[in-house]
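# Structural overview for review
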Amino acid sequence: MNTLPAELAALLGATDEHRAPVPLPPGTTVHADEGDGPPVLWMSDGAADPDIWAQLCSAHDSLGLWPLLLTGLDDDEDFRPWGSGELWLDKLSDPRSHDPQTLLSHWWSTYTATEDGDDERDVARRLAVTAPYGQFWPGLAPAAAMRTSAGQRAAAYAAELLAADPSLRLGLVPAGSGAEALRECGWQGPLNYTNDTGEIAAVVLDWERRFGARVVGVGFAELYLSVAAPPTTAEEALRVAAEHFAFCPDNIWQGRHPHTLTGYAEELVDAAAWTFWWD
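Residues numbered from 1 in each chain as written. Predicted model: local features only at pLDDT ≥ 70, side-chain atom pairs only at ≥ 80, totals over all residues. Heavy atoms only, no water.

## With respect to the environment of Ala141
To keep it simple, the criterion reads: Numbering of helices and strands runs from the N terminus; a helix is a DSSP stretch of H or I covering at least four residues, while a strand is a stretch of E covering at least two. By the convention used here, residues are in contact when the closest approach between their heavy atoms is within 4.5 Å.
For Ala141, the location among the structural elements is in the loop between helix H5 (120-129) and helix H6 (150-164). In sequence terms Ala141 and Leu104 are 37 residues apart; their C-alpha atoms lie 11 Å from each other. Setting aside residues up to four positions removed in sequence, Ala141 forms contacts with Arg210, Phe211, Arg239, Val240 and Glu243.

## Brief notes about the pairing of strand E5 (residues 65-70)
As a reminder, the rule being used: Three exposure classes are used, based on accessible area relative to the maximum for each residue type with a 1.4 Å probe and protein chains only: buried under 20%, partly exposed in between, and exposed over 50%. By the convention used here, strands pair only if DSSP detects at least 2 bridges between them.
Within E5, six of the six residues are buried, which leaves it mostly tucked inside the rest of the structure. Here E5 shows no split at all, with Leu65, Pro67 and Leu69 on one side and Trp66, Leu68 and Leu70 on the other all buried. Relative to strand E6 (residues 169-174), E5 runs antiparallel, the two being bridged by six bridges. Its bridge partner lying in E6, Leu69 is registered against Leu170. As paired elements, E5 and strand E7 (residues 213-218) share two bridges and run parallel to each other. Bridge pairing links Leu70 to Val218 in E7.

## Notes on the pairing of strand E4 (residues 41-47)
Of the strand pairs in this sheet, strand E3 (residues 27-30) and E4 are connected by four bridges, and their pairing is antiparallel. Each bridged residue has a counterpart across the sheet, and for Thr29 the counterpart in E4 is Trp42. Judged from the three bridges that link them, E4 and E6 form a sheet pairing that is antiparallel. Bridge pairing in E6 links Ala47 to Arg169.

## A short note on the sheet that holds E3
Consider a sheet: its strands pair through backbone hydrogen bonds, and that pairing is either parallel or antiparallel. What counts is decided by this rule: Fitting a line to C-alpha atoms yields each axis, with helices limited to the stretch in contact; the angle taken between N-to-C directions then spans 0 to 180 degrees.
Sheet architecture is open: seven strands sit in the order E3-E4-E6-E5-E7-E8-E9, paired in mixed fashion. Two strands lie at the open edges of the sheet, namely E3 and strand E9 (273-277), each paired on one side alone. Pairwise comparison of adjacent strand axes, ignoring direction, gives a mean angle of 30° for this sheet.

## Focus on unusual backbone geometry
Each neighbour pair has its own omega, and for Ala131 with Pro132 the value is 10°, a cis peptide bond. With respect to the secondary-structure elements, Pro132 resides in the loop between H5 and H6. In this structure, Pro258 follows His257 across a cis peptide bond, with omega equal to -5°. At Lys91, a residue that is not glycine, the phi angle is positive and equals roughly 70°.

## Observations regarding the side chain of Thr130
Worth spelling out the cut-off: Within 3.5 Å is the distance limit for a polar contact, defined as a pair of N or O atoms, with the added protein rule that one can donate a hydrogen and the other accept it, and that residues adjacent in sequence qualify only through two side-chain atoms.
Structurally, Thr130 can be placed in the loop between H5 and H6. Residue Thr130 is classed as buried on the basis of its relative accessible area of 1%. Within the structure, Thr130 has its side chain in polar contact with the backbone oxygen of Gly134 (distance 2.8 Å). For Thr130, the contacting residues outside a window of four places in its chain are Trp108, Thr112, Phe245 and Leu261.

## What to know about the packing of helix H4 (residues 100-112) against helix H9 (residues 234-247)
To be explicit about the condition: Geometric relationships in this document are graded by angle, where less than 35 degrees denotes roughly parallel, more than 145 denotes roughly antiparallel, 65 to 115 denotes roughly perpendicular, and other angles denote oblique. The residue classification treats Ala, Val, Leu, Ile, Met, Phe, Trp, Tyr, Cys and Pro as nonpolar and Asp, Glu, Lys and Arg as charged. All others, Gly included, are polar.
Contact pair H4 / H9: the axes reach a minimum separation of 8 Å and the direction vectors enclose 75°. Taken as axis vectors, H4 and H9 run roughly perpendicular relative to one another. Of the residues in H9, those touching H4 at Leu104, Trp107, Trp108, Tyr111 and Thr112 are Ala242, Glu243, Phe245, Ala246 and Phe247. For the contact of H4 with H9, the per-class residue count stands at eight nonpolar, one polar and one charged.

## Quick word on helix H2 (residues 50-58)
Heads up, the condition is: Summarising the geometry, the arc corresponds to the directions from the helix axis toward the C-beta atoms.
Among all positions in H2, only Ile52, Trp53, Leu56 and Cys57 are buried. The buried residues of H2 occupy one face: seen down the axis, they fall within an arc of 135°. Summarising the geometry of H2, the exposed residues directed more than 90 degrees from the buried face are Asp51 and Ser58. Close packing links the buried residues of H2 with helix H3 (60-63), E5, H6, E6 and E7. Between the side-chain oxygen of the N-cap and the backbone nitrogen of Asp51 there are 2.7 Å, and the N-cap of H2 in question is Asp49.

This is how it looks when you write it as structure tokens:
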């Protein structure tokens, strides 16, 4: 076992007795833009290693740090938002204080609303996106059966992400889960839709329970989840797609053609990873 780097031990509030399961690469702690508070995460100086990520994920319960694969804006020297500290903890709520059903229902109503003055064609086109539900919120999708262990699936997805982009860096956040790590590091990816990442984390926390989801990667406005219990039928996938639309409407509005819930749902059948991007 290997002694935690001093700055990482300080982030965790650890003693000299704390050890890492693997040797960690050089890195540094990152402070949020708010300034004088303690650091919110540790980030490697260079690319992550998939084996190290997997071992840190397995050691989460004992170490108290959730590993993330971090990506920055394209060709950005500051590796935003991580290297630039564009992270804010001010007024972020506790994820466990929210009811995911209430959050998703409210967001669904907001994104399916038709404004006064819309002509019938615009209204029809807007409601066609969320057919067959239209403006009706169908409720939460039932929990799905686990196809593999959540940890194994997360490790496999981390390897896939790093194979596609070897420049991803390793991040470590003191948090009880990947969902809570989003809030604890002050990530602001969905800022154009909600300025409270605690709400986003609340939904992801529920997906951890119902679908074996795990937060594997995070970017400036991107989120990468592994999924150990994906929907297996078109009917199940449509219910999950409704949750995704409420959570991140840009996945459908600006996703692949056709820009409809049913078209998006086809991609979710047996999908072992979910990705989100907020404009």
